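# Structure assessment
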Amino acid sequence: MAEEQKNAPQQPELSELLKIRRDKLAELQAAGEDPFQQTKFDWDATSQQIKDNFDAMEGKPVKVAGRLMSKRGMGKVSFCDLQDRDGRIQLYARQDEMDEEVYKKFKKFDIGDIVGVDGEVFRTQRGEMSVRAKDITLLSKSLLPLPEKFHGLQDKELRYRQRYVDLIVNPEVKRNFVIRSQFVKHVRDFLDSRGFLEVETPVLNTIQGGATARPFVTHHNTLNIDMYLRIATELPLKRLIVGGMDRVYDLGRIFRNEGMDPKHNPEFTTVELYQAYADFNDMMDLFEELLSSAAQKILGTYEVEWLGEKVDLTPGWRRLPMHEAVKEYCGIDFMTINSDEEAVKAAKAIGVELPSTKEPTWGNALYECFDQRVEEKLIQPTFITMHPVDVSPLAKRSPKDPRLTERFELFICHSEMGNAFSELNDPIDQRSRFQKEVEARAKGDDEAGMMDEDFLTALEYGMPPTGGLGIGIDRCVMLLTGADSIRDVIAFPTMKPLDK
């Protein structure tokens, strides 16, 4: 075996392959046949259309275009796999059925080259649906070889950095982005059909607000001020509610200068929507219907598999107050605790510590117990409701208990999918909560919000009772595709430069 390997023909070095391809290009250009001067090719069918309609198309002329993914055969007959937007189809090229010069040129084409083919639909002796080539035009020259056939592009970091190669050699990854596009369209259609109006809100803001998160900071030269890339679209959207636009939403990019892991990317996509004269219960109904209908429409089923779990999205999802969840999973009944000290003590008794930036309050203790001990146990769709005021600066207080708010988060497979409130519309209460954010910021909490005087002015003009909902588009697409990393559903995830 060792002797056979020693005597086996050596593969050319990559630099030699690059030179060969560039020499071929130079030869074509010298002959006045520069492939990069081709401007268009009027194809009229895709690989899947031919396969789906083969009986009707057999024997008829067809024009197809795509990338050569393989070449086999010798002498006067060649077989190739052509990959287009829908998949692959075999090309059959025979010298005595084509112009001899065209065939000779075709024999020099490389795997990865993009071609246009005039031919006819037929089935080979082995029964494979194919296109019998009559003419083949080189439309673009591939100067870099594709990854080796059997191993492909498997390095995940490289796949994310070179998504274009990933899509070429791992065409199954395209499914994630097709589903993403379908889901975004479904969200828009769903909301538009219910009278919501899509609007655009600023990406650059002079105030950090609308969520608890660390922002990206940039500088506007003309105004000579620092500005913040938006961490949420909430405050501008609620200004529009004040102005009488009763149902609005913004679907777009959000930027948060925070950690990166399989569920987090510094820039991500959300849809935030607000409905006047509604509350958080209406938002629960809407979210449940939106996501379950998306699964049924896009996947044809309510049953999905994600993060190793089988999830049932059939409507009728559990709705569980946060304090009930903590009682169920941790054995602590916060509703019988009346002091901050006792609440913090109860949390510490089960190993839950409050972050140093958070005040040692009843509400923060309740939230940290949920966050550190309960969230990881939520697999099936569960609305966790009635969050503490301490962690909900923009939500309306519960009329039954002023320590709680009319807020929910949806969890599936221990992942937060969305967040919603009965929106706070009391400008006096809102100012007080903003002030607490300002004080937390002064103590070093750079995720805390700022005082937004203009928003308070808007509230003073009067905002109707309003339900608001924010949905993580990327997380929902992960659920629908079964992806275990957010990078698998973002075409161009944030990556550290290789030279850093």
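For the structure itself, consult the block above.
Attention here is on the structure that accompanies the text. (Residues numbered from 1 in each chain as written. Predicted model: local features only at pLDDT ≥ 70, side-chain atom pairs only at ≥ 80, totals over all residues. Heavy atoms only, no water.)

## Remarks on the pairing of strand 3 (residues 88-94)
For clarity, the cut-off: Three exposure classes are used, based on accessible area relative to the maximum for each residue type with a 1.4 Å probe and protein chains only: buried under 20%, partly exposed in between, and exposed over 50%. The way it works is that DSSP assigns letters per residue, a run of H or I at least four long becomes a helix, a run of E at least two long becomes a strand, and they are numbered from the N terminus. Whether two strands pair comes down to DSSP finding at least two bridges between them.
The element strand 3 is largely enclosed, with a buried count of five among its seven residues. Relative to strand 3, strand 2 (residues 77-83) is paired through seven bridges, and the arrangement is antiparallel. When the sheet's bridge partners are listed, Cys-80 is paired in strand 3 with Leu-91. Here strand 3 runs beside strand 5 (residues 129-140); their pairing, made up of three bridges, is parallel. The partner of Gln-90 across the bridge, within strand 5, is Ser-130.

## Description of the packing of aromatic side chains
Selection rule: Side-chain rings of Phe, Tyr and Trp, where Trp is taken by its six-membered ring, are said to pair if the distance between their centres is within 6.5 Å; with planes under 30 degrees apart they count as stacked, over 60 as edge-to-face, and otherwise as tilted.
Here the structure, examined in full by the defined rule, presents ten aromatic pairs. Between Tyr-103 and Phe-106, the ring centres sit 6.2 Å apart and the planes meet at 50°, which makes this aromatic pair tilted. Within this pair, Tyr-103 and its partner Phe-106 are both found in helix 5 (residues 100-107), separated by three residues, close to a single helical turn. Across the pair, exposure class does not vary: Tyr-103 and Phe-106 are buried alike.

## Digging into the packing of helix 9 (residues 234-242) against helix 15 (residues 453-461)
Cut-off, in case you're wondering: Axis definition: a line fitted to C-alpha atoms, over the contacting stretch in the case of helices. Angles run 0 to 180 degrees between N-to-C directions. With respect to orientation, any angle under 35 degrees is reported as roughly parallel, any angle over 145 as roughly antiparallel, any angle of 65 to 115 as roughly perpendicular, and every other angle as oblique. By convention, the crossing between two helices is left-handed when the near helix turns anticlockwise from the far helix through less than a right angle, and right-handed when the turn is clockwise. In this analysis, two residues are considered to be in contact whenever any of their non-hydrogen atoms come within 4.5 Å of each other.
Between helix 9 and helix 15, whose axes approach to 9 Å, the crossing angle comes to 25°. On the basis of their axis angle, the class for helix 9 and helix 15 is roughly parallel. Here helix 9 and helix 15 pass one another in a crossing that is left-handed. Mapping the contact onto sequence places Leu-235, Lys-238, Arg-239 and Val-242 in helix 9 and Asp-454, Phe-455, Ala-458 and Tyr-461 in helix 15.

## Re the pattern of salt bridges
Where charged atoms of side chains with opposite charge meet at close range, the side chains can pair. Definition in use: Salt bridges are defined as contacts in which a side-chain nitrogen from Lys or Arg sits within 4 Å of a carboxyl oxygen from Asp or Glu.
Counting across every chain of the model gives 40 salt bridges. The salt bridge involving Asp-118 is made with Lys-63; its shortest N-O contact spans 3.8 Å. One end of the pair, Asp-118, is in strand 4 (residues 114-123); the other, Lys-63, is in strand 1 (residues 61-72), and 55 residues separate them in sequence. Between Asp-81 and Arg-72 there is a salt bridge; the shortest N-O distance is 3.6 Å.

## What to know about the state of the cysteines
Cut-off, in case you're wondering: Any pair of cysteine sulfurs within 2.5 Å is marked as a disulfide.
Scanning all chains against the criterion turns up zero disulfides. Not engaged in a disulfide, the cysteine Cys-413 finds its nearest cysteine sulfur in Cys-476; these two sulfurs lie 12 Å apart. On the accessibility criterion, Cys-413 (0% relative accessible area) is buried. The exposure class of Cys-476 is buried, given its relative accessible area of 0%.

## Describing the nonpolar core
The criterion, for reference: Side-chain atoms within 4.5 Å are what join buried Ala, Val, Leu, Ile, Met, Phe, Trp, Tyr and Cys residues into a set we call a nonpolar core.
Counting 74 residues, the largest nonpolar core has Phe-183, Phe-334 and Ile-412 as its most contacted members. Tallying contributions element by element places helix 10 (residues 280-299) first for this core, with ten residues. Counting 25 residues, the second largest nonpolar core, distinct from the first, contains Leu-82, Val-115, Val-131 and Leu-138.

## Quick word on helix 12 (residues 340-349)
Counted only if it meets this: Regarding the arc, it is the one traced by the directions from the helix axis to the C-beta atoms.
Among all positions in helix 12, only Ala-343, Val-344, Ala-346 and Ala-347 are buried. Along the axis of helix 12, the buried residues cluster in a sector spanning 160°; they form a single face. When the buried face of helix 12 is taken as reference, the exposed residues oriented beyond 90 degrees from it are Glu-341, Lys-345 and Ala-349. Immediately downstream of helix 12, the backbone of Gly-351 shows phi near 85°, a positive value.

## Here's the deal with a negative patch on the surface
The line we're drawing: Patches in this entry comprise residues that are over 30% relatively accessible and not in a salt bridge; like charges within 9 Å are linked, as are nonpolar side chains (Val, Leu, Ile, Met, Phe, Trp, Tyr) within 5 Å. Areas reported as accessible are Shrake-Rupley estimates using a 1.4 Å probe. Residue values count occlusion only from the protein chains shown. Charged residues are defined here as Lys and Arg on the positive side and Asp and Glu on the negative side; His and the ends of the chain fall outside this count. Note on charges: their place is set at NZ of Lys, CZ of Arg, CG of Asp or CD of Glu.
On the surface, a cluster of negative charge is contributed by Asp-340, Glu-341, Glu-359, Asp-390 and Glu-439. Tracing the chain through its elements places Glu-341 in helix 12.

## Considerations on the sheet that holds strand 15 (residues 382-385)
Spatially, the eight strands line up as an open sheet ordered 6-10-11-18-17-16-15-14, and their pairing is mixed. Each end of this open sheet is capped by a strand with a single partner; those strands are strand 6 (197-198) and strand 14 (318-321). Here strand 15 runs beside strand 16 (residues 407-412); their pairing, made up of four bridges, is antiparallel. Its bridge partner being in strand 16, Thr-385 is matched across the sheet by Phe-408. Against the sheet, helix 10 touches strand 11 (267-276), strand 14, strand 15, strand 16, strand 17 (415-422) and strand 18 (466-472), its axis set at about 25° to strand 16.

## As for the environment of Lys-297
Checked against the element boundaries, Lys-297 lands in helix 10. When the C-alpha positions of Lys-297 and Met-284 are compared, they lie 20 Å apart, and in sequence the two are 13 residues distant.

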